[in-house]
Amino acid sequence: METAEIGGTPKGGVKRLTLTDLDRQVRDWFIDAAKAAGCSISIDEMGNIFATRPGRDNSLAPVACGSHLDTQPTGGKFDGILGVLAGLELIRTLNDVGYETEAPIMVVNWTNEEGSRFAPAMVSSGVYAGAFDLDYAYGRTDREGERLGDALAAIGYRGEDPVGQQKIGSFFELHIEQGPILEAEETTIGVVTGAQGTRWYDVTIVGRESHAGTTPMALRRDALAGAAELILAVERIAKEQSPPGVGTVGEVTIAEPSRNVVPGSVRLTVDMRHPAADALAAMDRQMREALTEIGTRRSLDVDADEIWYSSPLEFDPDCVGLVRAAAERQGLSHQDIVSGAGHDACYLARVLPTAMVFVPCRDGISHNEVEHAELEHCAAGANVLMHAVLARANAPAAG
Ligand code: HGY
Ligand code: MN
Ligand code: MN
């Protein structure tokens, strides 16, 4: 609730876009709190923050937890930060009882998980996992044309450490489900076995600006009318694959909007997701076919540039088992679930043993200012996170 004041909105949400001064403020808050809890801090070239609590054997790779501090423009109080604060609380709890682990414990804040200001999402955990190189990430621009690398330097968080130098033995991420399943099933803990695949596109549709009053309908090359047909095609394609397929157009931009000019150039984003790679590939083909057909019929120049593909994945069975065992030991209702949202854990899973813990959120709503999670669920999730991390940190082959 305290951190939700940093970027708090009148409707009770949080608008704390990545690499803004608000992001700097919450990063500063986190570092102060982690230092006060006895952690050492390191920051890498993507601004990822690693707060480490020593163990008995500091030659072992740390067992990490954490998530992200940035939010969507219509963000809430829990998406991302719950996982970071639960990691901080984990460390404070161990300090309170003087508990020492074999391997070090670490809490991580991953830069720009949301991918809203700078696409793609999870770009910094993606650089860490080798999915993107540093120059690509630094060169991503926001709507005003500012480069990610410059925005990172401007808030003073462009660290010196090469990305990937910070060793991580295994990673556990606590996050709200952001969907309706756990609440509907009245289950407290989601044992996340994997995540669905995601494809993001920048689509451009070019027609011809012309006079709204003098241009006969038959002679128009109306880019926005073409975009409208594509938006409905994305919805149709997703519905045909749903459940579980989903499709969203979240941004539509008319290059030079004017109420009495037929729109000549439109850019829109497409986000399609499905747990099965082949179904997601079929959605890709169908979307491209629809776009081509619209372009031919309406004499529009069309292009779909796929800017991001995050493949469907399964988390590490041993780590998933530790999450399930922790929920069982604490007598918490739990069920396996596949994540509909992307998370930093999805990239970490490519390079090291990783798992996630979900807790319900009210009405399954997220990326919305009303986003809410019950304190008892957050506490239950934090306890499951702690026991999974401790089991891993004290295992003979800890790390
Ligand atoms: O888009 C996502 O799935 C994540 O919330 N960034
Ligand atoms: Mn998130
Ligand atoms: Mn999010």
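*Asks:* I tried to follow the overall build of the chain on my own but got confused; where do I start?
*Replies:* Counting its regular elements, the chain contains 11 helices and 16 strands. Against the 2.2 N^0.38 benchmark of 21 Å for 399 residues, the chain shows a C-alpha radius of gyration of 22 Å, consistent with a compact globule. If you line up the chain on its principal axes, its C-alpha atoms span 80 × 45 × 40 Å. Sorting the 399 residues of the chain into buried and exposed places 53% on the buried side. Here the analysis covers contacts within the chain between residues at least 6 apart in sequence; of these, 78% occur between residues at least 24 apart. Accessible surface, the chain as shown: approximately 16500 Å² in total, 51% of it carbon and sulfur. Side chains of the chain give 34 positive and 58 negative charges; the mean places of these two sets differ by 4 Å.

*Asks:* Just to check I follow, could you spell out a negative patch on the surface for this structure?
*Replies:* On the surface, Glu183, Glu186, Asp363, Glu374 and Glu376 cluster together to form a negatively charged patch. Note that Glu186 resides in the loop between helix 6 (181-185) and strand 6 (189-195).

*Asks:* What am I meant to see in the site of ligand 1 here?
*Replies:* The local shell around ligand 1 consists of Glu113, Glu114, Arg273, Ala341, Gly342 and His367. In the model, a nitrogen atom of ligand 1 is placed 3.1 Å from a nitrogen or oxygen of the Glu113 side chain. A distance of 3.2 Å separates an oxygen atom of ligand 1 from a polar side-chain atom of His367. Taking 210 Å² as the accessible area of ligand 1 by itself, protein coverage stands at 94%. Taken together, the residues that form the shell around ligand 1 break down as 1 nonpolar, 2 polar and 3 charged.

*Asks:* Can you help me understand the coordination of the manganese ion (ligand 3) in this one?
*Replies:* Under ideal tetrahedral coordination, the four donors around a metal are separated by 109.5 degrees; under ideal octahedral coordination, the six donors are separated by 90 or 180 degrees. At this site the manganese ion (ligand 3) is bound by Asp79 (OD), Glu114 (OE), Glu114 (OE) and His367 (NE2), with donor distances of 2.2 to 2.4 Å. Of note, the donors binding the manganese ion (ligand 3) are all from one chain and are spaced D-x34-E-x252-H. Taken as an interatomic distance, the gap from the manganese ion (ligand 3) to the manganese ion (ligand 2) is 3.5 Å; Asp79 donates to each of them. One end of the pair, Glu114, is in the loop between strand 4 (105-109) and helix 3 (123-128); the other, His367, is in the loop between strand 16 (354-359) and helix 11 (375-393), with 253 residues separating them in the sequence.

Reading guide: rules and limits
- Residues numbered from 1 in each chain as written.
- Chains lettered and ligands numbered in written order.
- Predicted model: local features only at pLDDT ≥ 70, side-chain atom pairs only at ≥ 80, totals over all residues.
- Heavy atoms only, no water.
- Helix = DSSP H or I, 4+ residues; strand = E, 2+ residues; numbered from the N terminus.
- Rg over C-alpha atoms; globule rule 2.2 N^0.38 Å.
- Buried < 20%, exposed > 50% of the residue type's maximum accessible area, 1.4 Å probe, protein only.
- Contact = heavy atoms within 4.5 Å.
- Areas by Shrake-Rupley, 256 points an atom, 1.4 Å probe, with all protein chains shown as cover.
- Lys, Arg positive; Asp, Glu negative; His and termini not counted.
- Charge placed at Lys NZ, Arg CZ, Asp CG, Glu CD.
- Patch = residues over 30% accessible without salt bridge, like charges linked within 9 Å, V, L, I, M, F, W, Y side chains within 5 Å.
- Salt bridge = Lys/Arg side-chain N within 4 Å of Asp/Glu carboxyl O.
- Near = heavy atom within 4 Å.
- Polar contact = N/O pair within 3.5 Å; in protein donor to acceptor, adjacent residues only side chain to side chain.
- Nonpolar A, V, L, I, M, F, W, Y, C, P; charged D, E, K, R; others polar.
- Donors = N, O, S within 2.8 Å, 3.2 Å for Na, K, Ca; no water.

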